[in-house]
Amino acid sequence: MTTTPVAPSRVGEFVREGSVQVAAVVVTYNSGATIDALIESLRPEAVDTTMRVIVADNASTDDTLDRLARHADVVVISTGGNLGYAGGINAAAAEAGAYGALLVLNPDLRVERGAVQALLDALRRDPSSGAAVPRILDRHGRTAESLFSEPTALRAWCDAVLGPLWRNRPGALTEWIRDPQAYESPRCVDWATGAALLVSSAAARAVGEWDERFFLYSEETDYCRRIRDAGLHIRYQPAAIVHHSQGGSGASEQLDALLNVNRVRYMRKHAPRSAASYRMAVTVGALLRGRRASSQATVARYLRDERRWAELPQGTWLGSRGRTSAAVVIPAHDEERVISRTLGRLSEPIALGALETVVVCNGCSDRTADRAREIAGVRVVELSEPSKTGALNAGDAEASAWPRVYLDADIEFPSAAVPALVRALGADGVLAARPPFEYDSLGATALVRAYFRARARLPHLAQSLWGAGTYALNAAGHGRLGRFPEVIADDVHVDQLFRAEEKRIPLAPPVRVRTPRRAADLLRVLVRTRRGPAQQGLDSGCATARALLRSVRGPQSLWDASVFASVTLLARSRASGSRARAARWERDDSSR
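Residues numbered from 1 in each chain as written. Predicted model: local features only at pLDDT ≥ 70, side-chain atom pairs only at ≥ 80, totals over all residues. Heavy atoms only, no water.

Moving on, we get to the overall build of the chain. Each helix and strand in the chain was counted, giving 21 helices and 22 strands. Against the globule reference of 25 Å for 592 residues, the chain gives a C-alpha radius of gyration of 25 Å, in line with a compact fold. The principal-axis extents of the C-alpha atoms in the chain amount to approximately 75 × 55 × 45 Å. When the 592 residues of the chain are sorted by exposure, 55% land in the buried category. Put simply, of all contacts in the chain between residues at least 6 apart along the chain, 78% involve residues at least 24 apart. One way to put it: in the chain the 77 positive side-chain charges average out to a point 6 Å from where the 66 negative ones average out. (Helix = DSSP H or I, 4+ residues; strand = E, 2+ residues; numbered from the N terminus. Rg over C-alpha atoms; globule rule 2.2 N^0.38 Å. Buried < 20%, exposed > 50% of the residue type's maximum accessible area, 1.4 Å probe, protein only. Contact = heavy atoms within 4.5 Å. Lys, Arg positive; Asp, Glu negative; His and termini not counted. Charge placed at Lys NZ, Arg CZ, Asp CG, Glu CD.)

So, in structure tokens, the structure goes:
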């Protein structure tokens, strides 16, 4: 909030360069009907507040971009696809330059005169506030119920069962803040709708990027939670007024399902011990409402069947034709069954030339090379000897673009993760990165699911480059690596080259790691996994044991931890009793 802004060149004009008091970021997707009204409502605010307006367009197909082109003082960027609300905010914020506060706005808003200044004043009056939110009026001029309490299982059950039967119940029994008096005076809240949110520059630095794992919905709940976790407050300021038509995201049964699924995902991230109860409550609520609305019955079906969550809307990225954003190197040994699936997630940016992609088939006796060549734009290198590190070096020799992603042939890498990964590797001091990952244990035995539930609770295992089946380096990071040595675990070797501050795991859409389906397959994978670090003189057993003990919070986590410990000890015993082998291909076929 101490930035020294440059003066606007004339009244009502936005500042494209230099430091400003407010950087307003807007994410558009087919927003032609509303974007002019928003921009024009911001111009009076620029009379007494220096302001930059950055619009990130998520591949609109209407006249949004034509309308934006008429506003020469607005910075417009294309995200290269539909990255969702969080992804668009991150893309716009990356171009915001120096600012005192970041103003996040929906494209279907109109800002009343003085609203921006009122939000700025709210932040200035209370240094402990990290964000300020306005009063939102709906299309009928009524105050919208835009303030909420932190989600809990108790509140979810009360909202599901009591619902309209006891609308004005106490705050401890509902997530909604419905009391009209609560909207008449300034107050601190847990979170508010993300349609309009002013974030101080200090809070933006402390919290970092928005979490793109929430394509739509719950991204603001998560961001506000992280502001509070940083020791700051969210302040509601009713004197700041915006008008919201509330039509920006559209409506469909799938979007309704995504809204509720992302509520469950939020709980898994921030309150995993109560996530199962929360999911059950949300499902019961949908079933009860489904008696009056068929769309809610669809929501309930999605909530009950996690295998269908992949069908819900998610981010996509194509890039720009002929402008290469990164290179992807995929070593493959007899991967005929999975290579098409892996390349399929990236096929559109590959075809446009946005991703330089090299598949290195080494020692293949199947049709991996033929399958890879079926994807337009993929270059295939064939080696006679099976060696993963040999394939990685051959891929490096063939590829030219930076940064460079190294991707196992059975890992599903969402194209929408590319922009966040590229941004992370462009940050000062960052040399290596990878996207988050999630385990796909659907269809696995109970023991395998228990093992990976326990593993997911061990934070130190999620903070390294290894374990995700992919990692990326920029040119400077690769300069430190040089050639890949003949090791069993290339990702462990790469991870050890960089200090913690030189590595980054951006909040991008996660890659999917399919786990073994049977305990015997899991054990074989773990024996190999243990030989990799052992070959390089690494042993994290003590740290893992301490973290495993800290993860136990009840009967379920105790059972999971017991399974994890038993399987891990057995794998370590078998690994220590086997002869060290040269770097060669070993894998689990049950998940392919």
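On to the nonpolar core, then. Counting 63 residues, the largest nonpolar core has L147, L197 and Y223 as its most contacted members. In terms of residue count, the dominant contributor to this core is helix 8 (residues 253–270) (seven residues). If we ignore the near neighbours within four places in the chain, the residues touching L197 are L102, L103, V104, A131, A132, V133, W210 and Y223. Counting 39 residues, the second-largest nonpolar core is a separate cluster that includes L343, L421, L425 and F437. (Core = buried A, V, L, I, M, F, W, Y, C linked by side-chain atoms within 4.5 Å.)

Between helix 8 and helix 9 (residues 275–289), the shortest axis-to-axis distance is 9 Å and the interhelical angle comes to 165°. Relative to helix 9, the element helix 8 lies roughly antiparallel. Two packed elements cross with a definite hand, and for helix 8 against helix 9 that hand is right-handed. In this structure, helix 8 contributes N260, R263, V264, M267 and R268 to the contact, and helix 9 contributes A275, Y278, R279, V282 and R289. (Axes fitted to C-alpha atoms, helices over the stretch in contact; angles between N-to-C directions. Parallel < 35°, antiparallel > 145°, perpendicular 65-115°, else oblique. Left-handed = near helix turned anticlockwise from the far one by under 90°.)

Take the confidence of the model for the chain next. Averaged over all residues, the pLDDT of the chain equals 91, while 92% of them reach at least 70. Counted against residues more than four places away or in other chains, residues 579–585, with its pLDDT under 50, gives 16 contacts. (pLDDT = per-residue confidence, 0-100.)

Across all of its chains, the model carries 50 salt bridges by this definition. Here R514 and E412 are joined by a salt bridge, their closest N and O atoms 2.6 Å apart. One end of the pair, R514, is in strand 22 (residues 511–514); the other, E412, is in the loop between strand 17 (404–407) and helix 15 (418–425), with 102 residues separating them in the sequence. By relative accessible area, which is 23% here, R514 ends up partly exposed. (Salt bridge = Lys/Arg side-chain N within 4 Å of Asp/Glu carboxyl O.)

A word on the environment of R371. Of note, R371 is situated in helix 13 (residues 368–373). R371 has contacts with E336, I339 and S340, leaving out every residue within four places of it along the chain.

The next subject is the pairing of strand 7 (residues 129–137). Of all nine residues in strand 7, nine are buried, a share of seventy percent or more. Where strand 7 lies against strand 12 (residues 233–244), eight bridges are found, and the strand directions are parallel. Its bridge partner being in strand 12, I136 is matched across the sheet by V242. As paired strands, strand 7 and strand 11 (residues 196–200) are joined by two bridges and run antiparallel to one another. Paired with A131 across the bridge in strand 11 is V199. (Pairing = 2+ DSSP bridges.)

Before going further, it helps to spend a moment on the sheet that holds strand 20 (residues 470–473). Read across the open sheet, the seven strands follow the order 16-15-14-17-20-18-21; overall the sheet is mixed. Looking at the sheet topology across the chains shown, the edges are occupied by strand 16 (379–383) and strand 21 (503–504). Bridge count for strand 14 (residues 326–332) against strand 17 is three bridges, and the pairing is parallel. Bridging across to strand 17, A327 finds its partner in R404. Sheet contacts for helix 14 (residues 388–398): strand 14, strand 15 (355–362), strand 16, strand 17 and strand 20; angle to strand 15, the most-contacted strand, approximately 145°.

Below, the discussion takes up the pairing of strand 2 (residues 51–57). Counting buried positions along strand 2 yields seven of seven residues, so the element is predominantly enclosed. Of the two faces of strand 2, both are covered, the one formed by M51, V53, V55 and D57 as well as the one formed by R52, I54 and A56. Where strand 1 (residues 20–28) meets strand 2, seven bridges bridge the pair, whose relative direction is parallel. Bridging across to strand 2, A24 finds its partner in V53. Once you follow strand 1 into helix 1 (residues 35–42) and on to strand 2, the crossover reads as right-handed. Examined bridge by bridge, strand 2 and strand 3 (residues 75–78) share four bridges and lie parallel to one another. Bridge pairing in strand 3 links D57 to S78. Assessed by its sense of winding, the connection that carries the chain from strand 2 through helix 2 (residues 64–69) to strand 3 is right-handed. (Right-handed = clockwise from strand over helix to strand, strands pointing away.)

Attention now moves to unusual backbone geometry. Note the cis peptide between W402 and P403, where omega equals -5°. Summarising the element assignment, P403 is placed in the loop between helix 14 and strand 17. Of note, N30 is a non-glycine position whose phi angle comes to about 50°, a positive value. As for its position among the elements, N30 is in the loop between strand 1 and helix 1. Of the residues examined, N30 reaches a relative accessible area of 32% and is grouped as partly exposed. One non-glycine residue, A59, lies in positive phi territory at about 60°. Structurally, A59 can be placed in the loop between strand 2 and helix 2.

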